[in-house]
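As a plain string of letters, each chain reads:
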Amino acid sequence: MQVAPIPANDPQRLAALRALLILDTPPEQRFDRLIAFAADEFDVPIALLSLVDRDRQWFKSKIGLEACETGREPSFCGHAILADTTLLICDTLLDPRFEDNPMVIGPPFIRFYAGAPLQIEPGLRIGTLCLIDIKPRSFDATDLAILSTLRDLVQEELRCPAPER
Amino acid sequence: MVTMPRKKLLLVDPHSLFRRTVAAVARELNLADVHEASSHEVARQLLHSQHFDALMLDIGDGLSALAIVQDVRSSGTASDAALSIAVTAESCDLATLKLFKQMQVRRIMLKPFKVKTVLDVVSELVSD
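In this report, the structure presented in the accompanying data block is examined. (Residues numbered from 1 in each chain as written. Chains lettered and ligands numbered in written order. Predicted model: local features only at pLDDT ≥ 70, side-chain atom pairs only at ≥ 80, totals over all residues.)

Some thoughts on the overall build of chain B
- When you go through chain B residue by residue, the secondary structure sums to 5 helices and 5 strands.
- Overall, chain B shows an N-to-C arrangement of helices and strands of β-α-β-α-β-α-β-α-β-α.
- For chain B, whose C-alpha radius of gyration is 14 Å, the value lies close to the compact-globule estimate of 14 Å for 128 residues.
- Across its three principal axes, chain B shows a C-alpha extent of roughly 50 × 30 × 25 Å.
- Counting over 128 residues, chain B shows a buried share of 35%.
- Considering only residue pairs separated by 6 or more positions, chain B has 62% of its internal contacts joining residues 24 or more positions apart. (Helix = DSSP H or I, 4+ residues; strand = E, 2+ residues; numbered from the N terminus. Rg over C-alpha atoms; globule rule 2.2 N^0.38 Å. Buried ≥ 20, exposed ≤ 12 C-beta atoms within 10 Å, placed from the backbone. Contact = placed C-beta atoms within 7 Å.)

So, the interface of chain A and chain B
- Of the residues lining the interface, 10 residues belong to chain A; the matching set on chain B comes to 11 residues.
- Among the elements of the structure, α2 (29-42) and α5 (141-159) of chain A are those that each provide at least two residues to the side of chain A that touches chain B.
- It is α5(A) that contributes the most residues to the side of chain A that touches chain B, 7 residues altogether.
- Its residues assigned to classes, the side of chain A that touches chain B comprises 5 nonpolar, 2 polar and 3 charged. (Nonpolar A, V, L, I, M, F, W, Y, C, P; charged D, E, K, R; others polar.)

A closer look at the sheet that holds strand β3 (residues 54-58) of chain B
Residue and element names in this part refer to chain B.
- Reading across the sheet, the 5 strands line up as β2-β1-β3-β4-β5 and stay open at both edges, with parallel pairing between neighbours. Strand pairing shows two members of the sheet lacking a second neighbour, β2 (33-37) and β5 (107-110), which therefore form its edges. Going across the sheet, the axis of each strand differs from the next one's by a mean of 15°, ignoring polarity.
- Of the strand pairs in this sheet, β3 and strand β4 (residues 84-89) are connected by 5 bridges, and their pairing is parallel. Looking at β4, one finds that methionine 56 is bridged to alanine 86. (Pairing = 2+ DSSP bridges. Axes fitted to C-alpha atoms, helices over the stretch in contact; angles between N-to-C directions.)

A word on the packing of helix α2 (residues 40-49) of chain B against helix α3 (residues 64-73) of chain B
Residues and elements named next belong to chain B.
- At a closest axis distance of 10 Å, the pairing of α2 and α3 adopts a crossing angle of 10°. Here α2 lies roughly parallel to α3, going by the angle between them. For the pair α2 and α3, the contacting residues are His40, Ala43, Arg44 and Leu47 in the first and Ser64, Ala65, Ile68 and Val72 in the second.
- Residues of the contact of α2 with α3, tallied by class, amount to 5 nonpolar, 2 polar and 1 charged. (Parallel < 35°, antiparallel > 145°, perpendicular 65-115°, else oblique.)

Observations concerning the sheet that holds strand β2 (residues 56-63) of chain A
Residue and element names in this part refer to chain A.
- Read across the sheet, 6 strands follow the order β3-β2-β1-β6-β5-β4 without closing on themselves; strand pairing throughout is antiparallel. One side of each edge strand has no neighbouring strand; the edge strands of this open sheet are β3 (69-71) and β4 (87-89). Averaged over all neighbouring strand pairs, the angle between strand axes comes to 25°, with direction disregarded.
- Both β4 and strand β5 (residues 112-121) contribute to a ladder of 3 bridges, which runs antiparallel. Each residue of the ladder has a partner; that of isoleucine 89, found in β5, is tyrosine 113.
- Strand contacts of α2: β1 (46-52), β2 and β6 (124-133), with the helix running at about 75° to β2, the strand carrying the most contacts.

Quick notes on the packing of α2(A) against α5(A)
Residue and element names in this part refer to chain A.
- The contact between α2 and α5 brings their axes to 10 Å, and the two run at 175°. Accordingly, the angle class assigned to the pair α2 and α5 is roughly antiparallel. On α5, the residues that touch Arg30, Phe31, Leu34, Phe37, Ala38, Glu41 and Phe42 of α2 are Asp143, Ile146, Leu150, Leu153, Val154 and Glu157.
- Class assignment for the residues of the contact of α2 with α5 results in 9 nonpolar, no polar and 4 charged.

This is how it looks when you write it as structure tokens:
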């Protein structure tokens, strides 16, 4: 397994994430409806709004997963935040970075991953909107455009202060 | 190289997340310039003030959607009377279906459906 690399700007990235005051806050309907929409649109069993903290990824919104966080090192989203573009793994068993990942060879047995990075400021990617399936899938240009659009809507929400907070 | 302007489609649907997603993806994929209306009232205003190449209309409750289509077909809007129209519905009885078909509605889509399916229909509507 390739451990999720730490980007050079991680201190700034973490500062931007923490400035949002969103980590470990309760679920919010404005995010949950976007994640539910994504899960429904793509017919995936798992959809997440994942925020990559220093040592963990924490889920602000989740469908299909019990855990509220996992370690950063084995996380797929830790890889996805390294680039501007969506990280697409159509079959994890065919990708040397993930073929022996504990979340591939064990629960939830990830076989497909698509993670669109959430960029809160230029170059500062704090997490992802991601889709996970337990079977390999194809993902075409229209799917990528739909996922990117939903990611943009999540980013808009992240930039707005929560009305109840 | 000359770039053709995108065709204009009016999407009428009460669900903002659905509308915004369709509009943004259609723009990104260069399928159409999708304008949004959250209600039949807003749709009427837009149809009277702007020309559109296609219309995708949620029929909602009552007969106001039917009146909008009648308005288009009788040249009562700024668009061509032969405007390409698709309607969407939570449910639709046979009598209503027949009325829309008589007014040359090209597609009747029952909810729920995927954004991807809608984009295929958008592409079809603006392809003429």
